[in-house]
Amino acid sequence: MKKITLLILTLLAILIACKNDGGSIYAMEQRYKNFLNILPDDVKNDYTLNSDKYGNMYKEWIDEFNTWTDNTINTENQKEQEISSRITPDKIEYALETLTSKDYERNLPAELMSKVKAHTDQLSLKIKELEKDEDFANSMMKLKNDEAVENFTTEDTIFYYVWNYLITIERLRRFQ
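Throughout this description, residue numbers start from 1 for each chain and increase along the sequence as written. In keeping with the predicted nature of the model, local features appear solely for residues at pLDDT of at least 70, side-chain atom pairs appear and are counted solely at 80 or more, and the whole-chain, interface and lining totals rest on all residues. Computation of side-chain values: all heavy atoms of the structure, hydrogens and water removed.

### Structural notes on the side chain of Asn164
Then step 1. Helix and strand assignments come from DSSP, with helices taken as H or I runs of at least 4 residues and strands as E runs of at least 2, each series counted from the N terminus. By secondary structure assignment, the location of Asn164 is in helix H8 (residues 154-167).
Then step 2. Burial classes follow relative accessibility: with a 1.4 Å probe on protein chains only, a residue under 20% of its type's maximum area counts as buried, one over 50% as exposed, and anything between as partly exposed. On the basis of relative accessible area, Asn164 is assigned to the buried category, the value being 17%.
Then step 3. Residue contacts for Asn164: discarding those within four places in its chain leaves Met28, Phe159, Ile169 and Arg171. Only heavy atoms matter for contacts: two residues are in contact if any of them lie within 4.5 Å across the pair.

### What to know about the nonpolar core
Then step 1. One finds Phe35 and Tyr47 to be the most contacted residues of the largest nonpolar core, which totals 31 residues.
Then step 2. At the level of secondary structure, the elements contributing two or more residues to this core comprise helix H2 (23-38), helix H4 (55-86), helix H6 (110-130), helix H7 (134-147) and H8.
Then step 3. In terms of residue count, the dominant contributor to this core is H8 (nine residues).
Then step 4. For Tyr47, the residues in contact, after removing those within four places along its chain, are Tyr32, Phe35, Leu36, Leu39, Tyr58, Leu123, Ser124, Ile127, Ile158, Val162 and Leu166. Remark: nonpolar core denotes a set of buried residues (Ala, Val, Leu, Ile, Met, Phe, Trp, Tyr, Cys) joined through side-chain atoms within 4.5 Å.

### Remarks on the packing of aromatic side chains
Here the distance between the centres and the angle between the planes together describe a pair of aromatic rings.
Then step 1. Each Phe, Tyr or Trp ring (for Trp, its six-membered ring) is paired with any other whose centre lies within 6.5 Å, and the angle between the two planes then decides the class: stacked below 30 degrees, edge-to-face above 60, tilted in between. In this structure the tally under the stated criterion is 13 aromatic pairs.
Then step 2. An angle of 55° between the planes, with centres 6.2 Å apart, marks the rings of Tyr32 and Tyr165 as tilted. Residue Tyr32 is located in helix H2, and its partner Tyr165 is located in helix H8; the two are separated by 133 residues in the primary sequence. Neither Tyr32 nor Tyr165 differs from the other in exposure class; each is buried.
Then step 3. Ring centres 4.3 Å apart and planes at 10° place the aromatic pair Phe35 and Tyr161 in the stacked group. Remark: Tyr161 occurs in helix H8 and Phe35 occurs in helix H2; sequence separation between them is 126 residues.

### Here's the deal with H7
Then step 1. Expected span of a helix: the number of residues minus one, times 1.5 Å. For H7, built from 14 residues, the straight-helix expectation of 20 Å at 1.5 Å per residue is met to within 8% by its first-to-last C-alpha distance of 20 Å.
Then step 2. Along H7, the positions that sit buried rather than exposed are Phe136, Met140, Leu143, Lys144 and Glu147. The buried side chains of H7 occupy one side of the element, clustering within an arc of 100° when seen end-on. The exposed set on the far side of H7, more than 90 degrees from its buried face, consists of Glu134, Asp135, Lys142 and Asp146.
Then step 3. Under this definition, polar contacts are N or O atom pairs within 3.5 Å; protein pairs additionally need one hydrogen-donor-capable and one acceptor-capable atom, and for neighbouring residues in sequence, both atoms have to be side-chain atoms. Residue Asp133 occupies the N-cap position of H7, its side-chain oxygen lying 3.3 Å from the main-chain nitrogen of Asp135.
Then step 4. Phi for Ala148, located one or two positions after H7, is positive at around 60°. By construction, the arc corresponds to the directions joining the helix axis to the C-beta atoms.

### Some thoughts on the confidence of the model for the chain
Then step 1. Known as pLDDT, the predictor's per-residue confidence is scaled from 0 to 100. Here the chain shows a mean pLDDT of 86. Residues at 70 or above account for 84%.
Then step 2. Considering each helix and strand of the chain separately, the mean pLDDT is smallest for helix H1 (residues 2-18), with a value of 49, and largest for H6, with 97.
Then step 3. Across residues 14-21 the pLDDT falls below 50, and counting only partners more than four positions away or on other chains, this stretch makes four contacts in the model.

### With respect to the environment of Val149
Then step 1. Along the chain, the position of Val149 falls in the loop between H7 and H8.
Then step 2. Setting aside chain neighbours within four positions, we find Val149 in contact with Lys144, Thr157 and Tyr160.

### A closer look at H8
Then step 1. Between its first and last C-alpha atoms H8 spans 18 Å; for 14 residues at 1.5 Å apiece the expected length is 20 Å, and the two agree.
Then step 2. In terms of burial, H8 is largely enclosed, as 12 of its 14 residues are buried.

### Quick look at the pattern of salt bridges
Then step 1. Any Lys or Arg side-chain nitrogen located within 4 Å of an Asp or Glu carboxyl oxygen qualifies as a salt bridge. Inspection of the entire model under this criterion finds 12 salt bridges.
Then step 2. Close ionic contact of Arg31 with Glu147 constitutes a salt bridge, the shortest N to O distance being 3.1 Å. Here the residue Arg31 occupies a position in helix H2, and Glu147 occupies one in helix H7, the gap between them amounting to 116 residues.
Then step 3. Residue Glu147 is classed as buried on the basis of its relative accessible area, which comes to 10%.
Then step 4. With a closest N to O distance of 3.6 Å, Asp156 and Lys117 form a salt bridge. Placement of the pair is Asp156 in helix H8 and Lys117 in helix H6, with a sequence separation of 39 residues.
Then step 5. On the basis of relative accessibility, which here comes to 24%, the residue Lys117 falls in the partly exposed class.
Then step 6. Look at the salt bridges and you will find they share partners, linking Asp46, Lys53 and Lys126 into a network.

What follows is the structure, given as C-alpha cells:
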C-alpha cells in the first residue's frame with residue numbers, strides 16, 4: 001500500500017511540474033507573470049509582447065536572438081564536422097576539440113544585449129519611482145529573493161526579467 005501511495009504521489013508531482021507546457025519554460029513564464037503582477041497596469045504594458053510602445057521592438061529582438069542562436073549552432077556544427085574529418089571519435093583529442101568548439105558562452109550577442117540593457121535602464125526609471133512605495137518595494141524584494149538576485153540593482157533586475165523572460169524565454173536549454 002505504501003509503495004502504491006508513493007508511486008501515485010511521485011507521478012502526481014511529475015505531472016504538476018511539467019504542466020504539459022514544458023516544466024522549465026512553464027516555471028519561467030510563471031516567474032515572469034509574478035513580476036508583471038506587481039506592476040501597475042500602466043507600467044505592466046511596457047513589459048509585454050503586446051506593448052503599444054515596445055511590442056514590435058521586442059519581437060525584432062526575439063528574431064535577432066533566434067538568428068544569433070541559429071548562427072551559433074551552425075558554426076559549432078561546422079567546427080564539429082571539421083574535427084570529425086581529421087580525428088576519430090574514439091580519440092581523447094576528439095572529445096577535447098569538440099567540447100572547446102562550443103563557443104556560445106564566449107560569443108554572446110553583446111550588441112543585442114547592449115540594446116536591451118539601454119532600453120531596460122530607461123524602463124527601470126519608472127520602477128525606481130514605484131520602489132519609493134513600501135508595499136511595492138517589499139513585493140519587488142520578495143521577487144528578487146525568489147530569483148536569487150537580491151543584490152542586483154534595479155537596472156540589473158529589470159534587464160534580468162526582460163532578457164530572460166521576455167526576449168529569450170524560448171531559448172534552447174543550453175543557452176539558459
